[in-house]
Amino acid sequence: MAGDRGSNTADRPNRRRLRADRRQSERIGRERALLGGIVRLVGLLAITIGIVLAVLTLGPIGLDDIGGFDDLEFNDLPSPSAEPPETGDRNPNLTDPDDPGDSELETEVEPVSAAVIEDFVHAEVNDRRADYDLGELEWDGTVASVARAHSYDMADREYFDHVSPDSEGPFERFQAVGEYCQGYGENIALTYLDQPVNEPGGDETVTYQTAEGVASGLVDQWMNSTDHRAAILEEDGTPDWDRGGVGVYLTDDGSVYASHNFCQTW
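Residues numbered from 1 in each chain as written. Predicted model: local features only at pLDDT ≥ 70, side-chain atom pairs only at ≥ 80, totals over all residues. Heavy atoms only, no water.

Engineer: It is not clear to me how the side chain of Glu110 should be interpreted in this structure. Could you clarify?
Structural biologist: Tracing the backbone through its elements, the reader meets Glu110 in the loop between β1 (104–106) and β2 (111–113). A polar contact of 2.7 Å, which involves the side chain of Glu110, links it to the side chain of Ser81. Sequence-distant contacts of Glu110, defined by excluding residues within four places in its chain, comprise Pro80, Ser81, Leu105, Gln209, Thr210 and Ala211. (Helix = DSSP H or I, 4+ residues; strand = E, 2+ residues; numbered from the N terminus. Polar contact = N/O pair within 3.5 Å; in protein donor to acceptor, adjacent residues only side chain to side chain. Contact = heavy atoms within 4.5 Å.)

Engineer: When you look at the pattern of salt bridges in this model, what are you seeing that I'm missing?
Structural biologist: When the charged atoms of two side chains lie near each other, side chains of opposite charge can form a pair. Applying the stated criterion across every chain, the model contains 11 salt bridges. We note a salt bridge from Glu118 to Arg90, for which the minimum N-O separation is 2.9 Å. Taken together, the residues Glu118 in helix α2 (residues 114–130) and Arg90 in the loop between α1 (2–66) and β1 connect sequence positions 28 residues apart. On the basis of relative accessibility, which here comes to 1%, the residue Glu118 falls in the buried class. (Salt bridge = Lys/Arg side-chain N within 4 Å of Asp/Glu carboxyl O. Buried < 20%, exposed > 50% of the residue type's maximum accessible area, 1.4 Å probe, protein only.)

Engineer: Explain the nonpolar core here, please?
Structural biologist: One recurring pattern in soluble globular proteins is that nonpolar side chains are buried together. Counting 31 residues, the largest nonpolar core has Ile117, Val121, Leu193, Val248 and Leu250 as its most contacted members. Secondary-structure elements contributing two or more residues to this core are α2, α5 (211–223), α6 (226–233), β7 (243–250) and β8 (255–265). The biggest single contributor to this core is α5, with 7 residues. By size, the runner-up hydrophobic cluster in this structure holds 7 residues, among which are Val143, Val146, Phe174 and Cys263. (Core = buried A, V, L, I, M, F, W, Y, C linked by side-chain atoms within 4.5 Å.)

Engineer: Help me understand the layout of surface pockets in this model?
Structural biologist: Over the atoms rolls a probe the size of a water molecule, and in doing so it shows where empty space is left. Of the voids in this model, the largest pocket is the one considered here, and its volume is about 240 Å³. Lining the largest pocket we find 15 residues, and of these Asp96, Asp98, Ala149, Glu168 and Arg173 sit closest to its centre. Considered class by class, the residues forming the lining of the largest pocket number 5 nonpolar, 2 polar and 8 charged. (1 Å grid on protein atoms, 1.4 Å probe; cavity = no way out; pocket = protein on both sides within 12 Å on 5 of 7 lines; lining within 4 Å. Points joined across faces, edges and corners; volume = space filled by probe spheres on them. Nonpolar A, V, L, I, M, F, W, Y, C, P; charged D, E, K, R; others polar.)

Engineer: What is the right way to read the state of the cysteines from this model?
Structural biologist: Here, disulfide denotes a covalent bond that connects the sulfur atoms of two cysteines. Enumeration according to the criterion identifies 1 disulfide in this entry. Disulfide pairing places Cys181 opposite Cys263 at an S-S distance of 1.9 Å. Handedness of the Cys181-Cys263 disulfide follows from its S-S torsion of about -105°: it is left-handed. Residue Cys181 is found in strand β4 (residues 181–192), and its partner Cys263 is found in strand β8; the two are separated by 82 residues along the sequence. Across this residue pair, the class does not change: Cys181 and Cys263 are buried. (Disulfide = S-S within 2.5 Å.)

Structure representation (structure tokens):
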């Protein structure tokens, strides 16, 4: 028994050392875990601070660069007109005394000249005629002068008709200036620059801001109307035209008055 007790007594210091070593290991483990948590927290704080600094630094620069959202622009403007096609003599010997000459309006895209619109309309009408195997109409400066005077008269006296308030029709107006046409016809149209209008033949709206664009719109109007189309394509007993002239007048409010006169010479 004494030997057993002696043996037991001799083992007590070893168990105390083991418990001490275990407690020390546990303390070291806890300290390492705490240190690891602190390191991770510091890392997260560093990342957060970096993001905040980036936003504070880059944010004002970005806004200054674009000038704020109110200054953002989306460029959906049409391209400027192409070089206008050559038509013919613009200084004929015979002219209508009421011919106002050229008129012009400025849009966001370009200065729009009535004379340039006339050039594009004349070319476009000939293109449409060519689609139906019809010959080109020769530009006639006198016919254009008569047409232009009528466009101006409609704008000035605020009416829209082939017959003027003085009861003059297209042929009478021409005969007051020249006598070489045996057959005569007229298409007229009214549209607007720099404001939405109904697209010819469709349900959408369109805003004309170029001479070329408004010229196409005018011809589209006529081609989508049975009577006007017949005049262009010489249908339904229309004479065989050989000359034509376009007269356009632009008003300050953006109105575009257009007259296209047709002539069959003797």
